[in-house]
Amino acid sequence: MTTTTRTELSNLLVLFEDNHLIAVQKRVGDLVQGDETGDAPLSDIIKDYLKVTYDKPGAVFLGVIHRLDRPTSGIVLFAKTSKALTRMNEQFKNRETEKTYWAMVKGCPNPTAQSLIHYLKRNPKNNTSKAYPKPVDDAKEARLDFKVIQQLDNYSCLEVHLHTGRHHQIRSQLAAIGFPIKGDLKYGADRSNPDGGISLHAVRLIFTHPVTKERIQLEAKPEHDALWREILL
(Lines give C-alpha, C1' and ligand atoms only; values in the text may rest on other atoms or scores of the structure.)
Protein backbone atom coordinates (compact mmCIF):
# COMPACT_ATOMS: atom_id res chain seq x y z
CA MET A 1 0.00 0.00 0.00
CA THR A 2 1.48 3.35 -1.05
CA THR A 3 0.63 6.85 0.13
CA THR A 4 0.62 9.86 -2.16
CA THR A 5 2.32 12.95 -0.76
CA ARG A 6 1.24 16.56 -1.31
CA THR A 7 4.44 17.10 -3.31
CA GLU A 8 3.59 14.24 -5.68
CA LEU A 9 0.12 15.67 -6.23
CA SER A 10 1.43 19.18 -6.85
CA ASN A 11 4.06 17.87 -9.28
CA LEU A 12 1.51 16.02 -11.40
CA LEU A 13 1.53 17.53 -14.90
CA VAL A 14 -1.86 16.95 -16.55
CA LEU A 15 -1.76 17.29 -20.35
CA PHE A 16 -5.38 16.39 -21.14
CA GLU A 17 -8.46 15.52 -19.13
CA ASP A 18 -12.17 15.04 -19.72
CA ASN A 19 -14.85 12.75 -18.26
CA HIS A 20 -13.33 9.66 -19.90
CA LEU A 21 -9.55 10.07 -20.11
CA ILE A 22 -6.61 11.73 -18.40
CA ALA A 23 -3.11 12.08 -19.83
CA VAL A 24 -0.08 13.14 -17.80
CA GLN A 25 3.59 13.76 -18.45
CA LYS A 26 5.65 11.04 -16.82
CA ARG A 27 8.99 12.12 -15.43
CA VAL A 28 12.15 10.01 -15.38
CA GLY A 29 11.90 7.57 -12.49
CA ASP A 30 8.10 7.60 -12.24
CA LEU A 31 6.40 4.21 -12.12
CA VAL A 32 3.28 3.91 -14.27
CA GLN A 33 1.90 0.97 -12.27
CA GLY A 34 2.89 -0.46 -8.89
CA ASP A 35 5.67 -3.02 -8.60
CA GLU A 36 7.72 -4.80 -5.97
CA THR A 37 9.53 -1.59 -4.98
CA GLY A 38 6.46 -0.27 -3.19
CA ASP A 39 7.05 3.21 -4.67
CA ALA A 40 3.91 5.26 -5.36
CA PRO A 41 2.99 4.74 -9.04
CA LEU A 42 1.38 7.34 -11.26
CA SER A 43 -1.84 5.31 -11.23
CA ASP A 44 -2.19 5.82 -7.46
CA ILE A 45 -1.13 9.47 -7.61
CA ILE A 46 -3.74 10.20 -10.29
CA LYS A 47 -6.44 8.40 -8.30
CA ASP A 48 -5.65 10.64 -5.34
CA TYR A 49 -5.63 13.69 -7.62
CA LEU A 50 -9.11 12.79 -8.92
CA LYS A 51 -10.37 12.09 -5.43
CA VAL A 52 -9.14 15.43 -4.09
CA THR A 53 -9.97 17.55 -7.14
CA TYR A 54 -13.53 16.29 -7.53
CA ASP A 55 -14.21 15.43 -3.89
CA LYS A 56 -15.02 11.85 -4.79
CA PRO A 57 -16.15 9.55 -1.97
CA GLY A 58 -14.98 5.94 -1.93
CA ALA A 59 -12.76 4.22 -4.46
CA VAL A 60 -11.81 5.99 -7.70
CA PHE A 61 -11.65 4.02 -10.97
CA LEU A 62 -8.53 4.47 -13.11
CA GLY A 63 -7.48 2.14 -15.90
CA VAL A 64 -3.88 1.79 -17.09
CA ILE A 65 -4.01 1.81 -20.91
CA HIS A 66 -0.29 1.58 -21.70
CA ARG A 67 3.07 1.93 -19.95
CA LEU A 68 6.47 3.54 -20.30
CA ASP A 69 9.65 2.11 -18.82
CA ARG A 70 10.65 3.67 -15.50
CA PRO A 71 13.86 5.33 -16.86
CA THR A 72 11.94 7.04 -19.71
CA SER A 73 9.68 10.09 -19.78
CA GLY A 74 6.73 11.40 -21.75
CA ILE A 75 3.01 11.04 -22.37
CA VAL A 76 0.99 8.38 -20.54
CA LEU A 77 -2.75 8.00 -21.05
CA PHE A 78 -5.19 6.58 -18.46
CA ALA A 79 -8.92 5.79 -18.56
CA LYS A 80 -11.37 7.24 -16.06
CA THR A 81 -14.18 4.83 -17.00
CA SER A 82 -14.31 1.11 -17.79
CA LYS A 83 -15.91 1.86 -21.18
CA ALA A 84 -13.01 4.13 -22.13
CA LEU A 85 -10.49 1.55 -20.92
CA THR A 86 -12.00 -1.23 -23.05
CA ARG A 87 -12.15 0.90 -26.18
CA MET A 88 -8.66 2.33 -25.75
CA ASN A 89 -7.20 -1.11 -25.09
CA GLU A 90 -8.63 -2.17 -28.46
CA GLN A 91 -7.06 0.81 -30.20
CA PHE A 92 -3.64 0.09 -28.77
CA LYS A 93 -3.98 -3.63 -29.50
CA ASN A 94 -5.00 -2.96 -33.11
CA ARG A 95 -2.24 -0.37 -33.65
CA GLU A 96 -4.76 2.39 -34.35
CA THR A 97 -2.75 4.90 -32.32
CA GLU A 98 0.34 6.81 -33.46
CA LYS A 99 3.27 6.99 -31.01
CA THR A 100 6.30 9.20 -31.57
CA TYR A 101 9.44 9.25 -29.42
CA TRP A 102 12.61 11.29 -29.24
CA ALA A 103 15.80 9.35 -28.54
CA MET A 104 19.24 10.85 -27.91
CA VAL A 105 22.13 8.73 -29.21
CA LYS A 106 25.89 9.25 -29.38
CA GLY A 107 27.17 9.99 -32.89
CA CYS A 108 24.92 10.00 -35.94
CA PRO A 109 23.41 7.05 -37.80
CA ASN A 110 24.12 6.79 -41.52
CA PRO A 111 21.79 6.94 -43.36
CA THR A 112 20.02 9.49 -41.17
CA ALA A 113 16.56 8.00 -41.89
CA GLN A 114 16.00 4.25 -41.57
CA SER A 115 13.33 1.60 -41.19
CA LEU A 116 14.33 -1.18 -38.81
CA ILE A 117 12.96 -4.71 -38.64
CA HIS A 118 14.26 -7.06 -35.96
CA TYR A 119 13.02 -10.09 -34.06
CA LEU A 120 13.00 -9.47 -30.32
CA LYS A 121 13.40 -12.17 -27.72
CA ARG A 122 12.80 -11.24 -24.11
CA ASN A 123 15.04 -12.41 -21.27
CA PRO A 124 12.98 -12.21 -18.06
CA LYS A 125 16.02 -12.97 -15.88
CA ASN A 126 17.65 -9.61 -16.57
CA ASN A 127 14.58 -7.82 -17.99
CA THR A 128 16.07 -7.16 -21.42
CA SER A 129 15.16 -7.93 -25.02
CA LYS A 130 17.71 -9.01 -27.63
CA ALA A 131 17.19 -7.94 -31.23
CA TYR A 132 17.99 -10.51 -33.92
CA PRO A 133 18.24 -9.73 -37.65
CA LYS A 134 16.32 -12.90 -38.58
CA PRO A 135 13.48 -14.89 -36.93
CA VAL A 136 14.46 -17.08 -33.97
CA ASP A 137 12.38 -19.27 -31.66
CA ASP A 138 9.99 -17.31 -29.40
CA ALA A 139 11.00 -13.96 -30.92
CA LYS A 140 8.47 -11.33 -32.03
CA GLU A 141 8.79 -9.09 -35.05
CA ALA A 142 9.58 -5.46 -34.18
CA ARG A 143 9.31 -2.59 -36.66
CA LEU A 144 10.10 1.10 -36.33
CA ASP A 145 11.15 4.08 -38.44
CA PHE A 146 13.49 6.84 -37.34
CA LYS A 147 15.05 10.00 -38.70
CA VAL A 148 17.66 12.37 -37.31
CA ILE A 149 15.97 15.66 -36.45
CA GLN A 150 18.99 17.45 -34.99
CA GLN A 151 22.73 16.86 -34.67
CA LEU A 152 24.73 18.25 -31.76
CA ASP A 153 28.48 18.11 -31.20
CA ASN A 154 28.53 14.54 -29.86
CA TYR A 155 24.92 13.40 -30.00
CA SER A 156 21.97 13.18 -32.37
CA CYS A 157 18.27 13.39 -31.58
CA LEU A 158 16.21 10.80 -33.42
CA GLU A 159 12.48 10.98 -33.98
CA VAL A 160 11.17 7.43 -33.73
CA HIS A 161 7.82 6.09 -34.95
CA LEU A 162 6.78 2.69 -33.59
CA HIS A 163 4.84 0.23 -35.72
CA THR A 164 4.84 -2.54 -33.13
CA GLY A 165 4.87 -2.43 -29.35
CA ARG A 166 7.49 -4.83 -28.02
CA HIS A 167 9.31 -4.95 -24.69
CA HIS A 168 12.18 -2.40 -24.74
CA GLN A 169 11.73 -2.18 -28.50
CA ILE A 170 13.34 1.19 -29.22
CA ARG A 171 16.12 0.56 -26.74
CA SER A 172 17.06 -2.85 -28.13
CA GLN A 173 16.65 -2.02 -31.83
CA LEU A 174 18.79 1.13 -31.67
CA ALA A 175 21.41 -0.74 -29.66
CA ALA A 176 21.40 -3.49 -32.32
CA ILE A 177 22.55 -1.01 -34.99
CA GLY A 178 25.24 0.41 -32.72
CA PHE A 179 23.42 3.44 -31.32
CA PRO A 180 22.26 2.74 -27.76
CA ILE A 181 20.23 5.50 -26.13
CA LYS A 182 22.17 7.95 -23.98
CA GLY A 183 22.29 6.75 -20.37
CA ASP A 184 21.00 3.26 -21.18
CA LEU A 185 23.69 1.11 -19.53
CA LYS A 186 21.52 -1.97 -19.92
CA TYR A 187 21.84 -1.70 -23.71
CA GLY A 188 25.43 -0.58 -24.07
CA ALA A 189 25.63 3.14 -23.30
CA ASP A 190 29.05 4.12 -22.01
CA ARG A 191 27.82 6.07 -18.98
CA SER A 192 24.67 6.74 -16.99
CA ASN A 193 22.68 9.98 -16.96
CA PRO A 194 22.89 12.09 -13.78
CA ASP A 195 19.20 11.47 -13.01
CA GLY A 196 19.53 7.70 -13.50
CA GLY A 197 17.18 7.76 -16.49
CA ILE A 198 17.71 7.32 -20.21
CA SER A 199 17.27 9.92 -22.95
CA LEU A 200 14.09 8.46 -24.43
CA HIS A 201 10.93 10.56 -24.38
CA ALA A 202 7.39 9.85 -25.61
CA VAL A 203 6.80 13.19 -27.29
CA ARG A 204 3.55 12.66 -29.21
CA LEU A 205 0.46 10.43 -29.01
CA ILE A 206 -2.41 10.45 -31.51
CA PHE A 207 -5.56 8.44 -30.90
CA THR A 208 -9.32 8.42 -31.47
CA HIS A 209 -11.37 9.51 -28.48
CA PRO A 210 -13.28 6.44 -27.22
CA VAL A 211 -16.60 8.31 -26.90
CA THR A 212 -16.60 11.43 -29.11
CA LYS A 213 -14.57 9.68 -31.89
CA GLU A 214 -12.56 12.87 -32.32
CA ARG A 215 -8.94 12.40 -33.34
CA ILE A 216 -6.80 13.68 -30.45
CA GLN A 217 -3.13 14.71 -30.67
CA LEU A 218 -1.14 15.19 -27.47
CA GLU A 219 2.41 16.54 -27.27
CA ALA A 220 4.84 16.90 -24.37
CA LYS A 221 8.35 18.24 -24.71
CA PRO A 222 11.06 16.66 -22.49
CA GLU A 223 12.25 18.27 -19.30
CA HIS A 224 15.09 20.67 -19.82
CA ASP A 225 18.40 18.98 -19.12
CA ALA A 226 21.30 20.47 -21.07
CA LEU A 227 21.01 18.29 -24.18
CA TRP A 228 17.23 18.45 -24.49
CA ARG A 229 17.47 22.21 -24.10
CA GLU A 230 19.66 22.38 -27.19
CA ILE A 231 17.08 20.40 -29.16
CA LEU A 232 14.26 22.67 -28.00
CA LEU A 233 15.98 25.95 -28.89
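Attention here is on the structure that accompanies the text. Given the structure is predicted, the values throughout are model-derived calculations rather than measurements.

Regarding the overall build of the protein
Reasoning step 1: Each helix and strand in the protein was counted, giving 5 helices and 11 strands.
Reasoning step 2: Taking 17 Å as the expected radius of gyration for a compact globule of 233 residues, we find that the protein reaches 18 Å, a close match to that expectation.
Reasoning step 3: If you line up the protein on its principal axes, its C-alpha atoms span 55 × 35 × 35 Å.
Reasoning step 4: For the protein, the proportion of contacts with a sequence separation of at least 24, taken over those separated by at least 6, is 63%.
Reasoning step 5: For the protein, the exposed surface amounts to about 12,300 Å²; the carbon and sulfur share of it is 47%.
Reasoning step 6: Each charge class in the protein can be summarised by its mean position, and for the 33 positive and 28 negative side chains these summaries are 4 Å apart.

Considerations on helix 2 (residues 42-53)
Each α-helix turn comprises 3.6 residues. Residues three or four places apart therefore point the same way.
Reasoning step 1: In this model, helix 2 (12 residues) spans 16 Å end to end at C-alpha, consistent with the 16 Å of a helix rising 1.5 Å per residue.
Reasoning step 2: Where helix 2 terminates, the next one or two residues include Asp-55, which has phi positive at roughly 50 degrees.

Looking at the state of the cysteines
Each disulfide is one covalent bond, formed between the sulfur atoms of two cysteines.
Reasoning step 1: With the rule as written, the count across this model stands at 0 disulfides.
Reasoning step 2: Cys-108 takes part in no disulfide bond, and the closest cysteine sulfur to it belongs to Cys-157, at a distance of 11 Å.

Structural notes on the side chain of Ser-73
Reasoning step 1: The residue Ser-73 is located in strand 4 (residues 73-79) in this model.
Reasoning step 2: Residue classification places Ser-73 among the buried residues on the basis of a relative accessible area of 9%.

Comments concerning the side chain of Ser-199
Reasoning step 1: Relative to the helices and strands, Ser-199 resides in the loop between helix 4 (169-176) and strand 10 (200-208).
Reasoning step 2: Assessed through its relative accessible area of 4%, Ser-199 is described here as buried.
Reasoning step 3: When near neighbours in sequence (up to four residues on either side) are disregarded, Ser-199 contacts Trp-102, Ala-103, Met-104, Ile-181, Lys-182, Asn-193 and Trp-228.

Concerning helix 4
Reasoning step 1: Most of helix 4 is tucked away: 6 of the 8 residues are buried.
Reasoning step 2: Those residues of helix 4 lying buried are Gln-169, Ile-170, Arg-171, Ser-172, Gln-173 and Leu-174.
Reasoning step 3: Buried residues belonging to helix 4 abut strand 5 (98-106), strand 6 (113-123), strand 7 (128-132), strand 8 (140-151), strand 9 (155-162) and strand 10.
Reasoning step 4: Of the residues trailing helix 4, Gly-178 is marked for its positive phi of about 90 degrees.

A closer look at the nonpolar core
Generally speaking, nonpolar side chains in soluble globular proteins are found buried as a group.
Reasoning step 1: Ile-22, Ile-46, Phe-78, Tyr-101, Val-160, Ile-170 and Leu-174 are the most contacted members of the largest nonpolar core, which totals 33 residues.
Reasoning step 2: Within the residue set of this core, elements represented by two or more residues are strand 2 (21-26), helix 2, strand 4, strand 5, strand 8, strand 9, helix 4 and strand 10.
Reasoning step 3: With 5 residues, helix 2 is the single largest residue contributor to this core.
Reasoning step 4: Not counting residues up to four positions away in its chain, the partners in contact with Tyr-101 are Leu-68, Leu-158, Glu-159, Val-160, Leu-162, Ile-170, Leu-200, His-201, Ala-202 and Val-203.

Here we look at the packing of aromatic side chains
Any pair of aromatic rings gets described here by the distance separating the centres and the angle formed by the planes.
Reasoning step 1: By the definition in use, this model includes 1 aromatic pair.
Reasoning step 2: Over the ring of Tyr-132 we find Lys-130, and its NZ or CZ is 5.5 Å from the ring centre.
Reasoning step 3: Of note, Lys-182 hangs over the ring of Tyr-155, and the distance from its end group to the ring centre comes to 5.9 Å.

Some thoughts on the pairing of strand 9
Reasoning step 1: Judged by how many residues are buried, strand 9 sits mostly within the fold: 7 of 8 residues are covered.
Reasoning step 2: In this structure, strand 5 lies alongside strand 9, joined through 7 bridges in antiparallel fashion. Within strand 9, the position partnered with Lys-106 by the bridge is Tyr-155.
Reasoning step 3: Of the strand pairs in this sheet, strand 8 and strand 9 are connected by 7 bridges, and their pairing is antiparallel. Residue Phe-146 lies in a different strand from strand 9, and its bridge partner there is Val-160.
Reasoning step 4: Here strand 8 hands over to strand 9 after 3 residues, the two strands then running antiparallel side by side.

Concerning the pattern of salt bridges
Reasoning step 1: Applying the stated rule across the entire model yields 9 salt bridges.
Reasoning step 2: For the salt bridge of Arg-27 with Glu-223, the shortest nitrogen-to-oxygen distance reads 3.2 Å. Taken as a pair, Arg-27 in the loop between strand 2 and helix 2 and Glu-223 in the loop between strand 11 (215-219) and helix 5 (226-232) lie far apart in primary sequence, 196 residues in all.
Reasoning step 3: Given a relative accessible area of 41%, Glu-223 falls into the partly exposed group.
Reasoning step 4: With a closest N to O distance of 3.3 Å, Glu-141 and Arg-143 form a salt bridge.

Here is what the cut-offs are and how they apply
Residues numbered from 1 in each chain as written. Predicted model: local features only at pLDDT ≥ 70, side-chain atom pairs only at ≥ 80, totals over all residues. Heavy atoms only, no water. Helix = DSSP H or I, 4+ residues; strand = E, 2+ residues; numbered from the N terminus. Rg over C-alpha atoms; globule rule 2.2 N^0.38 Å. Contact = heavy atoms within 4.5 Å. Areas by Shrake-Rupley, 256 points an atom, 1.4 Å probe, with all protein chains shown as cover. Lys, Arg positive; Asp, Glu negative; His and termini not counted. Charge placed at Lys NZ, Arg CZ, Asp CG, Glu CD. Expected span 1.5 Å × (residues − 1). Disulfide = S-S within 2.5 Å. Buried < 20%, exposed > 50% of the residue type's maximum accessible area, 1.4 Å probe, protein only. Core = buried A, V, L, I, M, F, W, Y, C linked by side-chain atoms within 4.5 Å. Phe/Tyr/Trp six-rings, centres within 6.5 Å; stacked < 30°, edge-to-face > 60°. Lys NZ or Arg CZ within 6 Å of the ring centre and 35° of its normal. Pairing = 2+ DSSP bridges. Salt bridge = Lys/Arg side-chain N within 4 Å of Asp/Glu carboxyl O.

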